[in-house]
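Tertiary structure, described
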Amino acid sequence: MEVPQHLLGRDVACSCQKVHRVPIEQTVVDVDMMSSLSQFISNHGWTRILMVADVNTYRAFGERVEEALASSSISVHTYVFAKEHGLLADEVAVAAVTSEIANNPSDVVLAVGSGVINDIVRYVTFRKGLPYISVATAPSMDGYASTMAAMQFDGIKVTSTTHSPIAIFAHPKVLSEAPWELLQSGFGDLIGKVISLLDWKLAHALYSETLCQTAYDVVSEPLNFVISHAGDILSRDQTAAKNLFIGLVNSGISMALMGNSRPASGCEHHCSHYWDLAAYQGRRAHYSHGIQVGYATYSMIEFYKYIESLPRINVPKVEPVSEEFERYANQFYGSGAKEVIAAQVEKYEWLQRMTFRSELRIADLVTALQPELNRLDAVREALLTVGITGDLYQIEVDDALRMETFLHARELRSRYTAFDFLVGQGLLQSAASRAVMTGHSS
Ligand SMILES: [Zn+2]
Ligand SMILES: [Zn+2]
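The structure presented is a predicted model; accordingly, all values stated were derived computationally and were not measured.

At this site the zinc ion (ligand 2) is bound by Cys 14 (SG), Cys 16 (SG), His 20 (NE2) and Cys 212 (SG), with donor distances of 2.1 to 2.4 Å. One way to put it: the four donor atoms around the zinc ion (ligand 2) meet at angles of 101 to 116 degrees, and that makes the site tetrahedral. Positions of the donor residues of the zinc ion (ligand 2) along the chain correspond to the pattern C-x1-C-x3-H-x191-C. Of the two residues, Cys 14 and Cys 16, both sit in the buried class.

Structure (structure tokens):
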């Protein structure tokens with residue numbers, strides 16, 4: 001499996017009528033990536049590098065990168081976050097990297113690490129107008145190629161539109177040796193795209209939302225590999241780790257193609273966001289993003305099987321955001337209420353604006369949702385292979401929170417998903433109860 005180099009660093013006139021541009025110039029996932037990295041830096045004429053890592057990623061790879069660059073006469077200043085665990089992409093981290101840049105003028109910043117390090121560096125370099133290179137240490141998440149930085153300000157997750165790295169480098173051996181939780185997390189994040197793609201196709205089939213085939217294919221192709229190679233991920237096979245990483249990078253590329261996260265984030269991600277919020281409210285501990293997405297995917301399989309089993313599609317009832325909802329949102333979401341209400345208003349306006357294809361029959365919908373619907377059993381098997389099950393107690397989601405998530409996760413975003421379809425059909429409660437029940441029997 002390869003990164004679609006032909007989509008990188010140039011204008012791509014697409015069949016969806018758009019011209020896409022992914023501003024990533026190069027992606028190298030190979031054993032000799034170090035020489036490609038030095039070459040890339042010298043080709044740009046850069047001489048002053050700021051490298052940002054944390055203690056773990058510095059040990060895992062940063063030290064070697066530093067040595068390799070120094071031996072090619074590139075001057076590297078290194079900043080290492082001292083925190084062994086729980087580093088957040090928050091105000092404190094942003095201030096630390098901002099001050100490093102101020103004190104050590106640099107041509108480019110190297111982010112050596114996975115999710116959090118990339119988010120911090122992406123956010124700061126965007127604000128400072130500096131390019132950054134991602135040197136990935138784990139196939140842990142899909143954000144490497146993305147323009148979105150998942151930040152946490154005032155304890156609330158906020159997605160900030162920033163910029164992609166100018167290049168991405170990774171060593172297959174380093175990827176395969178990442179902590180198991182990170183591999184498992186990357187696996188969960190990638191396999192969850194089956195649900196993201198289903199949500200996208202659902203909106204496309206019912207409301208003719210634009211579906212870009214190029215972006216779709218970039219996400220979809222690596223899924224086949226991951227679904228059938230869960231065992232190789234488990235045994236840390238280098239090729240499997242490399243392909244998992246490429247799948248994740250490609251998901252990021254698809255988001256960069258679209259300029260939003262539609263191809264790679266649906267209701268399974270909304271569940272994960274809801275659990276993050278519950279963790280922030282002190283109702284459970286925090287678990288890693290991709291692992292939560294994996295558990296959510298396991299549950300959302302039930303929702304799509306439910307949709308598949310419906311006898312018919314009814315013309316949905318679309319109701320505007322009520323005062324009652326606003327009161328509840330203000331009480332429950334506190335300082336986040338404004339965003340939640342705005343998202344629901346946006347969703348209502350979207351539903352008003354789009355034309356519901358009332359002629360669509362359930363059989364047509366099931367056909368439109370292939371091949372994903374037919375993959376769901378294999379997805380479940382693959383999740384079980386890497387230790388992600390239907391038992392949400394493993395991530396401290398009890399039955400009450402599980403039900404609450406299924407009923408309310410849709411409030412967090414304006415994006416149309418399976419949850420919104422079921423609300424329109426008056427069936428969300430019934431689907432949620434069924435999914436909670438099935439969770440127990442699995
Ligand atoms: Zn994700
Ligand atoms: Zn397109």
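Moving on to the coordination of the zinc ion (ligand 1). Each pair of donors in an ideal four-coordinate tetrahedral metal site encloses 109.5 degrees, whereas pairs in an ideal six-coordinate octahedral site enclose 90 or 180 degrees. For the zinc ion (ligand 1), the full set of protein donor atoms is Asp 189 (OD), His 269 (NE2) and His 289 (NE2), and the range of their distances to it is 2.1 to 2.2 Å. Within one chain, the residues serving as donors to the zinc ion (ligand 1) are arranged as D-x79-H-x19-H. One end of the pair, Asp 189, is in helix α6 (residues 180-191); the other, His 269, is in helix α11 (residues 267-280), and 80 residues separate them in sequence. We classify His 269 as buried; its relative accessible area is 4%.

Our next topic: the domain arrangement of the chain. Bring the parts together and some accessible area is lost; that lost area is often taken as the interface size. In terms of domains, the chain is made up of domain 1 (32-170) and domain 2 (183-316 + 356-441). Placing a centre on the C-alpha atoms of domain 1 and another on those of domain 2 gives a separation of 29 Å. At the junction of the two partners, domain 1 supplies 18 residues and domain 2 supplies 24 residues. Linking domain 1 to domain 2 there are one salt bridge. Among the salt bridges present, the one from Asp 142 reaches Lys 193, with a minimum N-O distance of 2.4 Å. On the surface where domain 1 and domain 2 come into contact, there are four residue pairs in polar contact (both at pLDDT 80 or more). Ranked by residues supplied to the side of domain 1 that touches domain 2, first place goes to strand β9 (residues 156-161) with three residues. Broken down by class, the residue content of the side of domain 1 that touches domain 2 amounts to 10 nonpolar, five polar and three charged.

Conventions used here
- Residues numbered from 1 in each chain as written.
- Chains lettered and ligands numbered in written order.
- Predicted model: local features only at pLDDT ≥ 70, side-chain atom pairs only at ≥ 80, totals over all residues.
- Heavy atoms only, no water.
- Donors = N, O, S within 2.8 Å, 3.2 Å for Na, K, Ca; no water.
- Tetrahedral: all angles 85-135°; square planar, octahedral: opposite > 155°, others 65-115°.
- Buried < 20%, exposed > 50% of the residue type's maximum accessible area, 1.4 Å probe, protein only.
- Helix = DSSP H or I, 4+ residues; strand = E, 2+ residues; numbered from the N terminus.
- Domains from an automatic or database assignment.
- Contact = heavy atoms within 4.5 Å.
- Salt bridge = Lys/Arg side-chain N within 4 Å of Asp/Glu carboxyl O.
- Polar contact = N/O pair within 3.5 Å; in protein donor to acceptor, adjacent residues only side chain to side chain.
- Nonpolar A, V, L, I, M, F, W, Y, C, P; charged D, E, K, R; others polar.

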